[in-house]
Amino acid sequence: MHFTIKPVSYHCNLACDYCFYLPKGQLLPPGPKVMPEAVLETLVREYIAACDSDTVYFTWQGGEPLLAGLDFYRKAFALQAKYAAQWGKKVENAVQTNGTLLNEEWCELLAQHQVLLGVSIDGPQELHDAWRKTRSGQGSFAAVMAGIEQLKRHHIPFNTLTCINAVNYREPLKVYRFLKDLGSTYWQFSEVVETMPEHDDMSRPLASYQVKPFALPHDAYGQFMLPLFKQWVRHDIGKIVVRQFESLIACVLGLGHHSCVWEGCCPDNFVLEANGDIYECDQTVYPRYKLGNIMALTSDLASLHAQQLCAAKQALCAECQACPYLPLCHGGCVKHRIDRGTGAAQSYFCAGYREFFAGITPYLNVMVQLVEQQVPYTAIKGLVDQIEAALQ
Ligand code: SF4
Ligand code: SF4
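A brief structural summary. What you see is a predicted model, and the numbers here were worked out from it, not measured in a lab.

It is worth spelling out the overall build of the protein at this point. Within the protein, the secondary structure is distributed over 14 helices and 14 strands. On C-alpha atoms alone, the protein measures out to a radius of gyration of 21 Å, which is about the 21 Å that the 2.2 N^0.38 rule sets for 392 residues. Taking the principal axes of the C-alpha coordinates as reference, the protein spans close to 60 × 50 × 45 Å. Counting only residues that meet the buried cut, the protein has 39% of its 392 residues in that class. A separation threshold of at least 6 residues defines the contact pool for the protein, and within that pool the share at least 24 residues apart is 71%.

Here's what the structure looks like:
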């Protein structure tokens, strides 16, 4: 079980064009702008009690989670210390931020509590500013970079989250070089698609709504990720962690996925809204996926499960069931499933996934062979010329 906590719900100081959370303002019932202390304390107490692991991971996300203010987090860290001591557990915190509010005071607090920062950045300025904008429509790149400089000055480690969209997918190597030069050593990528009108059931026919213009084209995932993979496997495997690549490697080595998008079942990765409402997943904060309110639960948090999503994920169309890449892909994220004219819900990104999986399979096969010979899979770095010559 894991909780992603939304201390300010959908509120944000930016207004990125593709944000899937800002529109929740029209969908969710009116609630507090910042999570009330009673909700915070109940979460910390119940979550630490219900987790069966020795370390309890808190992920703070938004909107922009730093809008909750320094005192909110001081209170949260104090509560964590109190209840973790009670249960003999450790606590780790991660904050996913747009980076623009980071200053001396924030960095001191975050460093003091060893908080891991995830900064959302889509590449160099011309790519980042295409969609990631301020409320007045200006690019946010300069403010994000100023925040990252603060993190570097305070030696706070940070990850990056890059949304693959209609603009930056054309420039995979530019994005690669940028992230590497930035000094991030843990990269996550998220493929973007949203629809108009927004709805909670992507299995409806595509003809009944439109894909928004910022979406990554349905067949472009491989066009972006494959050049990135080839660069990484040749130069940076073992030095830079790319979550999606490591997830696929773990999968073929029989260790299970790290990315829920390609897992066989949606894990219990809940969202806690500022008003205490719990949803099955961050991507599905819609009334039908609400599990209850933390202030009114009659059983402990461990009894909650993402049952609806897991059932939806396992309901695979005929194409997926017959697909050679099913063990890697499991039909993709429920949120991305769309009926593109076949009469069945299938990942909007299927064509792009197929191209990517086909392109990396020869490399994955070599990694499996290496591990079978007790050699670390990172040794593939020295074999890339050979693999690519054999593919000519
Ligand atoms: S690649 Fe396409 S057909 Fe294959 S499992 Fe994934 S979504 Fe289904
Ligand atoms: S709905 Fe998508 S993002 Fe949410 S847990 Fe399932 S696969 Fe992951």
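Attention shifts here to unusual backbone geometry. Cis geometry marks the peptide bond from Gly 62 to Gly 63; its omega dihedral reads 10°. Positive phi, normally seen in glycine, also occurs at His 330, with a value near 50°. Counting through the fold element by element, His 330 comes out in the loop between helix H12 (326–329) and strand E13 (337–338). Look at Gln 374: it is not a glycine, yet its phi comes out positive at around 65°. Mapped onto the secondary structure, Gln 374 falls in the loop between helix H13 (350–372) and helix H14 (384–391).

Moving on, we come to the environment of Asp 385. Along the chain, Asp 385 falls in helix H14. Owing to 9 C-beta atoms within 10 Å, Asp 385 belongs among the exposed residues under this scheme. Spatially, the C-alpha atom of Asp 385 lies 8.6 Å from that of Arg 234, the residues being 151 residues apart in sequence.

Next up on the list: the sheet that holds strand E10 (residues 269–272). Strand order in the open sheet formed by 10 strands is E9-E6-E5-E4-E3-E2-E1-E10-E11-E12, and the pairing between neighbours is mixed. The outermost strands of the open sheet, each flanked by one partner alone, are strand E9 (241–242) and strand E12 (290–293). By the bridge criterion, four bridges tie strand E1 (residues 2–5) to E10 in an arrangement that is parallel. Residue pairing for E10: Thr 4 is matched across the bridge by Val 271.

The next thing to look at is the site of ligand 1. In the vicinity of ligand 1 there are 13 residues, among which Cys 320, Cys 323, Cys 329, Ser 347 and Cys 350 approach most closely. Split into classes, the residues belonging to the shell around ligand 1 amount to seven nonpolar, four polar and two charged.

The nonpolar side chains of a soluble globular protein tend to be buried, and buried together. One finds Leu 43, Leu 216 and Tyr 221 to be the most contacted residues of the largest nonpolar core, which totals 101 residues. In this structure Tyr 221 touches Glu 191, Leu 216, Phe 349, Gly 352, Tyr 353 and Phe 356, once residues within four positions along its chain are discounted.

This next bit is on helix H9 (residues 243–252). An α-helical segment advances 3.6 residues per turn. Residues three or four places apart therefore align on the same side. Taken together, the buried positions of H9 are Gln 244, Phe 245, Leu 248, Ile 249 and Cys 251. End-on view of H9: buried residues confined to an arc of 160°, all on one side of the axis. Those residues of H9 that are buried lie in contact with strand E6 (186–191), helix H8 (221–235), E9, H12 and H13. Positive backbone phi, at 80°, marks Gly 254, one or two positions downstream of H9.

Helix-helix packing is described using two parameters, namely the angle between the two axes and the distance between the axes. At a minimum axis separation of 10 Å, H9 and H13 run at an interaxial angle of 55°. With respect to each other, H9 and H13 are oriented oblique. Every pair of crossing elements has a handedness; the one defined by H9 and H13 is right-handed. Only Ile 360, Leu 364, Met 367 and Val 368 of H13 make contact with H9, whose side of the interface consists of Leu 248, Ile 249 and Val 252. Residue composition of the contact of H9 with H13, grouped by class: seven nonpolar, no polar and no charged.

Cut-offs and rules
Residues numbered from 1 in each chain as written. Chains lettered and ligands numbered in written order. Predicted model: local features only at pLDDT ≥ 70, side-chain atom pairs only at ≥ 80, totals over all residues. Helix = DSSP H or I, 4+ residues; strand = E, 2+ residues; numbered from the N terminus. Rg over C-alpha atoms; globule rule 2.2 N^0.38 Å. Buried ≥ 20, exposed ≤ 12 C-beta atoms within 10 Å, placed from the backbone. Contact = placed C-beta atoms within 7 Å. Pairing = 2+ DSSP bridges. Near = placed C-beta within 6 Å. Nonpolar A, V, L, I, M, F, W, Y, C, P; charged D, E, K, R; others polar. Core = buried A, V, L, I, M, F, W, Y, C linked by C-beta atoms within 7 Å. Arc of directions from axis to C-beta. Axes fitted to C-alpha atoms, helices over the stretch in contact; angles between N-to-C directions. Parallel < 35°, antiparallel > 145°, perpendicular 65-115°, else oblique. Left-handed = near helix turned anticlockwise from the far one by under 90°.

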